[in-house]
Amino acid sequence: MIRLGLDLGGTKTEVLALDDQGNVLQRRRVSSPQHDYEATLACIVELVRGTEAQVGRLASIGIATPGAISPASGLLRNSNSTWLNGKPLLDDLVERLGRPVRIENDANCFALSEAVDGAGAGRPVVFGVILGTGVGGGIAVDGALLGGPNRIAGEWGHNPLPWADDTERPGPPCYCGQRGCIETFLSGPGLCHDHLSATGEKRRAEEIAAAAGAGDAASHATLERYAHRLARALAHVINLLDPDVIVLGGGLSNVPIWYDRVPRLWSRWVFADRVDTALLPNRHGDSSGVRGAAWLGRSMRGTDA
Ligand SMILES: [Zn+2]
């Protein structure tokens, strides 16, 4: 079986063909059509047909998008490629391609990729976390995504930061309408905002990490506050889901100190006498979204089962 995955990004759209062992047979990346729904559909259809012509047969089709298909309406929602919101993307692609298509948000595709043949391979329950421009999550159980009637399983970025202290309440306003969401603290912009508030310095996340590594005390303190918040946010997940492995993705997953520091911190909030959960960096990096999309061709749990 050949599996095609497409990663529908805001600026680039990537297609990848995997064989059963996860080997990459074909890979292509094009600019995403902008502000044009019909052109986006045509681009996806052309990438699928062109890739299938190259591998010489039909394949299963999975797509990673920044948003998600609403189970209530069948329309795409919450995408930062705003011209796709409110459109019947799944139905239109099924009609044009004449066969089943699966669509999942990029955090779910990340979790699936890392669960199938990434850092969480062979582990029963994997919680995948994206720490980037936004904060997202996905849950894979026995190598398949956990769905749910609301298609929201694992979306923990817009829960409130747990065990917040007085300096963290009510927390920064979030675009979702709430204040103090996990995303407002643990996203890249959240880290930069926290550093700016504490020091008056406007720095990018990678600059803060580099300065901390070079011995800058204020930058180190910013990373330490972040590690405490990440530990609390993940302790919350461990208490609820008790995953075998938590895999970090997104730009902030590249800061190496989390993998040692956070597990040292989280046990004080986990309601257990010891914590055996593994916290691991991802294996597939920027390819996790498109690889996870390809693996959507495997059977799914929940409403798509
Ligand atoms: Zn929010």
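The numbering scheme is per chain: residues are counted from 1 as the chain's sequence reads. Restriction of local features to residues with pLDDT of at least 70 applies here, the model being predicted, together with a cutoff of 80 or more for giving and counting side-chain atom pairs; totals for whole chains, interfaces and linings are based on all residues. Note that water and hydrogens are dropped before the side-chain values are worked out from all heavy atoms of the structure.

Comments concerning the pattern of salt bridges
Within this document, salt bridges are pairs made up of a side-chain nitrogen of Lys or Arg and a carboxyl oxygen of Asp or Glu, the two lying within 4 Å of each other. For the structure on display, the rule yields 20 salt bridges. The closest approach of N and O atoms between Glu14 and Arg29, which form a salt bridge, is 3.4 Å. With Glu14 in strand β2 (residues 12-18) and Arg29 in strand β3 (residues 24-31), this pair connects stretches of sequence that are 15 residues apart. The exposure class assigned to Arg29 is exposed, which follows from its relative accessible area of 54%. Among the salt bridges present, the one from Arg99 reaches Glu52, with a minimum N-O distance of 2.7 Å. Of this pair, Arg99 sits in the loop between α2 (89-97) and β7 (102-105) while Glu52 sits in helix α1 (residues 37-55); the two residues are 47 residues apart in sequence, bridging distant segments of the chain. Comparing Arg99 with Glu52, the two get one shared label, buried. Through salt bridges with shared partners, a single ionic network connects Glu168, Asp194, Arg225, Arg229 and Arg232. Secondary structure follows DSSP: runs of H or I at least 4 residues long count as helices, runs of E at least 2 residues long count as strands, and numbering of each begins at the N terminus. The cut-offs for exposure are 20% and 50% of the maximum accessible area for each residue type, with area from a 1.4 Å probe on protein chains only; residues under the lower value are buried, those over the upper are exposed, and the others partly exposed.

Thoughts on helix α8 (residues 258-266)
Among all positions of α8, only Trp258, Tyr259, Val262, Leu265 and Trp266 are buried. One side of α8 holds all its buried residues, which, seen down the axis, span an arc of 140°. Within this analysis, the arc is defined by the directions that extend from the helix axis to the C-beta atoms.

What to know about the packing of aromatic side chains
The criterion for an aromatic pair is that two Phe, Tyr or Trp rings (for Trp, the six-membered ring) have centres within 6.5 Å, with stacked assigned to planes under 30 degrees apart, edge-to-face to planes over 60 apart and tilted to the rest. Scanning all chains against the criterion turns up three aromatic pairs. Centroid distance Tyr226 to Trp258: 4.6 Å. Interplanar angle 25°. Geometry classified as stacked. One end of the pair, Tyr226, is in helix α7 (residues 217-241); the other, Trp258, is in helix α8, with 32 residues separating them in the sequence. Per residue, the accessibility class of Tyr226 equals that of Trp258, and both read buried. The ring of Trp269 carries the charged tip of Arg232 above its face, separated from the ring centre by 6.0 Å. Here, over-ring charges are defined by two tests on the NZ atom of lysine or the CZ atom of arginine: distance to the ring centre within 6 Å, and angle to the ring normal within 35 degrees. Here the guanidinium or amino end of Arg298 rests over the ring plane of Trp295, the centre of that ring lying 5.6 Å away.

Here's the deal with the pairing of strand β4 (residues 60-65)
β4 sits mainly inside the fold: six of its six residues count as buried. With burial as the criterion, each face of β4 is covered, one bearing Ser60, Gly62 and Ala64 and the other bearing Ile61, Ile63 and Thr65. Two strands pair under a simple rule: DSSP has to find at least two bridges between them. Across four bridges, β4 lies against β7 in parallel orientation. Across the sheet, residue Gly62 finds its bridge partner in β7, namely Arg102.

Remarks on the packing of α1 against α2
Interaxial distance between α1 and α2 falls to 11 Å at its minimum, and their mutual angle equals 45°. Overall, the two elements α1 and α2 adopt an arrangement that is oblique. For α1 against α2, the interelement crossing comes out right-handed. Between α1, through Tyr37, Glu38, Leu41, Ile44, Val45, Val48 and Arg49, and α2, the contact on the second element is made entirely by Leu89, Asp92, Leu93, Arg96 and Leu97. For the contact of α1 with α2, the class distribution of residues is eight nonpolar, no polar and four charged. Axes here mean lines fitted to C-alpha atoms, for a helix over just the part in contact, with angles spanning 0 to 180 degrees between N-to-C directions. Should an angle fall under 35 degrees it is called roughly parallel, over 145 degrees roughly antiparallel, and 65 to 115 degrees roughly perpendicular, with every other angle called oblique. Crossings are classed by handedness, with left-handed meaning an anticlockwise turn of the near helix from the far one by less than a right angle and right-handed meaning a clockwise turn. The contact definition used throughout considers only heavy atoms, calling two residues in contact when any of these lie within 4.5 Å. Gly is placed with the polar residues, together with every amino acid not listed as nonpolar (Ala, Val, Leu, Ile, Met, Phe, Trp, Tyr, Cys and Pro) or charged (Asp, Glu, Lys and Arg).

Considerations on helix α3 (residues 106-117)
Helical geometry note: an α-helix holds 3.6 residues per turn, so side chains three or four residues apart project in the same direction. Here α3 contains 12 residues, and its C-alpha end-to-end distance of 17 Å stays within 8% of the 16 Å for a straight helix at 1.5 Å per residue. For α3, a buried count of 11 out of 12 residues is recorded, marking the element as mostly surrounded by other parts of the structure. Taken residue by residue, α3 has Ala107, Asn108, Cys109, Phe110, Ala111, Leu112, Ser113, Glu114, Ala115, Val116 and Asp117 as its buried positions. Under the rule applied, a polar contact is a pair of N or O atoms within 3.5 Å (in protein, one hydrogen donor and one hydrogen acceptor; residues adjacent in sequence only if both atoms are side-chain atoms). Of the residues flanking the start of α3, the one acting as N-cap is Asn105, its side-chain oxygen 2.9 Å from the backbone nitrogen of Ala107. Given the number of residues in a helix, its expected span is that number minus one, multiplied by 1.5 Å.

A few points about the sheet that holds strand β11 (residues 245-249)
Across the sheet, which stays open at both edges, the five strands sit in the order β10-β9-β8-β11-β12 with mixed pairing between neighbours. Both outer strands of the open sheet, β10 (144-145) and β12 (278-281), are each paired with one neighbouring strand and no more. Two elements, β11 and β12, share four bridges in a ladder whose sense is parallel. Residue pairing for β12: Ile246 is matched across the bridge by Leu279.

With respect to the sheet that holds β4
Strand order in the open sheet formed by five strands is β3-β2-β1-β4-β7, with mixed pairing between adjacent strands. The sheet is open, and its two edges are formed by β3 and β7, each paired on a single side. Across the sheet, the mean angle separating the axes of adjacent strands is 15° when strand polarity is ignored. Each of β4 and β7 is contacted by α3, which is oriented at about 100° to β7, the strand it contacts most.

Interpretation in functional terms is not warranted from these geometric data alone.
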